[in-house]
Amino acid sequence: MFDKPRFLLAGDKGLLVEFGDAIDPEINRKVRHVFLSLEKGPIDGVIEVIPTYRSLLISYDPFQTNPEILEKEILDRQGKLDQWEIPPPETVEIPVTYGGDFGPDLDFVATHNNLTPEQVIEIHTSGTYLIYMLGFTPGFPFLGGLSERIFTPRRENPRLVVLAGSVGIANNQTGVYPIDSPGGWQLIGRTPVRLYDPTESPPILLKAGNYLRFRRISGTEFQEIASRYKD
Amino acid sequence: MEIFTVIQPGAYTTVQDRGRFGYQQFGVPICGVVDVFAYQVANALVGNLQGQAVLEATVFGPRLEVVNQGLIALTGGNLSPVLNDDPLPMWESVAVHPGDKLQFKGIRTGCRAYIAVSGGIDVPMVMGSRSTYVAGKIGGVEGRPLAPGDRLNKGKGRAKVGVRISPAFIPTYSADIEIRVILGPQDDYFSGGIETLLSSTFTVSDKADRMGYRLEGDTIAHRERVPKSIISEPSVPGGIQVPPDGQAIILLVEQTVGGYTKIATVISSDIGKVGQAKPGDRIHFVQVGLEQAHRILKEEEEKLESIRESLRE
């Protein structure tokens, strides 16, 4: 964590504020705290704020404000952040059917780590994962907390289509694909829950700062949950 | 009221407005038109409020049949628009009538044309915008580019009479493009690479779309002993990413976060120029300071205001 945030220009309408230089829960908490303060106590001329692992982007209207004013305001808030209370984190449970057609790379992840597929599932479902940020595609969670016992490199040949709901592992990361997209992660299972549903309000299920756990379900339960969605 | 039936959709035609703001924190990108200036002028020509939706056509324009009377205007890249058998003038509004056919004969200058209709293209708002986001399957017509048989509605328009803007206001889209940039946010990851960026000429590759423009040219070297990628952070339209291979990518409007270093960022006023570049066009980067960029933005806004003013007379 930096003693003082670092400010970097991102073009003529963006100011990047860095709070540290690591993927770390404390730094990320600081990012969220400042983000929350900007939501609850907005600064004139700020259009949108994007929080990520260790930095946030303030997108501003240059006809109303400028980086100098924004920097001063952010520095000013450093000692006063306690007036904006971070809500206690919630833990969201994501049901997953592991292996088979749902997780075609489960066996590879097991073999790579000298484990049985059952052990991989056990390890994956025993973790509690911090949702550091969302991005890449709508609602895609960048999670921290994967056990190193199941770290597995990306596939050598990325798939052209990874189905929405697929749960994968890439090196030290695990995540869920919210929409059909190309992807190179090792797929170990799939969830019937929609992380991104534009017809819902809010359209994104997960929230940065919350925790996520995976719960194992059977193929039958998968179909049962999937059938609850309208279309 | 229906304005167009789509006969042929063209290479890639989508409904876009100014963009979708406030959802990037969830991974939903801004989207919206790439060439904001051309878009604003198109709306002004048909008497629309700012922010109405238009069609953005890319390289090969669509073929559209007019269903009901309306007022349209074309701006942006010249894709050789033709109304029935006659060339259709751009940068002015033109009345169209049922049975008229609007089509495009091929690219002459620029890359993206904007088709505005008095009243705006009327599609449902999703997350505060009508912009199509194809990967996220939202906005526009069912979250996808236009397809044959699509019927496009327009909102209630006020303007009825054709108007045009002074030729002095019409931008030229050259194949040799000067793009102004502000260094950063990761300019400290480069030393000689900055000189390469500012002294070389880069060619637009065929990997160029609304997400980003991959350039070809001299390798932009990172400083020695610095990491070639960074912890994923927010990205902005115009960010010039340099992946480990040193081949730059200019990000446009469909990305929210990324883990590559960004050596510089295109100023807002020049992002439209990037979007009007087509594969094979050449780009030369010039550095400006923040205050200068803001001054340029203000001048552009004043120019738009003069255009709106001239159309009100």
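The structure this text deals with has already been given above.
Residues numbered from 1 in each chain as written. Chains lettered and ligands numbered in written order. Predicted model: local features only at pLDDT ≥ 70, side-chain atom pairs only at ≥ 80, totals over all residues.

What follows is about the overall build of chain A. For chain A, the helix and strand inventory stands at 5 helices and 13 strands. With respect to the three principal axes, the spread of C-alpha positions in chain A is 55 × 40 × 35 Å. The buried share among the 231 residues of chain A stands at 42%. Across chain A, every contact between residues at least 6 apart in sequence was considered, and the portion connecting residues at least 24 apart equals 61%. (Helix = DSSP H or I, 4+ residues; strand = E, 2+ residues; numbered from the N terminus. Buried ≥ 20, exposed ≤ 12 C-beta atoms within 10 Å, placed from the backbone. Contact = placed C-beta atoms within 7 Å.)

Residues and elements named next belong to chain A. Bridging between strand S5 (residues 91-98) and strand S13 (residues 211-216) involves 6 bridges; their strand directions are parallel. Residue pairing across strands places Ile-94 opposite Phe-214, the latter belonging to S13. One ladder, built from 2 bridges, connects strand S6 (residues 129-134) with S13; its direction is antiparallel. Bridged to Leu-130 within S13 is Tyr-211. (Pairing = 2+ DSSP bridges.)

What follows covers the nonpolar core. Among the nonpolar cores identified, the biggest contains 141 residues, and Tyr-114, Ala-116 and Ile-250 of chain B are the most heavily contacted of them. Every residue in contact with Ala-116 of chain B, bar those within four places of it in the chain, is listed here: Ala-42, Asn-43, Leu-45, Val-46, Asn-48, Val-54, Ile-72 and Ala-73 of chain B. (Core = buried A, V, L, I, M, F, W, Y, C linked by C-beta atoms within 7 Å.)

This part covers the interface of chain A and chain B. How big an interface is tends to be stated in terms of the accessible area lost upon association of its parts. Taken residue by residue, the interface counts 33 residues in chain A and 32 residues in chain B. Going through the elements one at a time, strand S1 (6-9), strand S2 (14-18), strand S3 (46-51) and strand S4 (55-60) of chain A are the ones with two or more residues in the side of chain A that touches chain B. Sort the elements by how many residues they give to the side of chain A that touches chain B and S3 of chain A lands first, with 5 residues.

Residue and element names in this part refer to chain B. Within the open sheet, the 7 strands sit side by side as S7-S6-S9-S4-S1-S12-S11. Their pairing is antiparallel. A strand with exactly one partner marks an edge of an open sheet, and here the two such strands are strand S7 (86-87) and strand S11 (121-122). Where strand S6 (residues 81-83) meets S7, 2 bridges bridge the pair, whose relative direction is antiparallel. The partner of Val-82 across the bridge, within S7, is Pro-87.

Residues and elements named next belong to chain B. Considering the arrangement of structural elements, one finds Val-253 in the loop between strand S18 (249-251) and strand S19 (257-266). Val-253 gets classed as buried once you count the C-beta atoms within 10 Å, which come to 24. Considering only alpha carbons, one finds Val-253 and Phe-285, 32 residues apart in sequence, at a separation of 20 Å. Among all residues touching Val-253, those that are not within four sequence positions of it are Gly-19, Pro-29, Ile-30, Cys-31, Gly-32, Val-34, Arg-210 and Pro-237.

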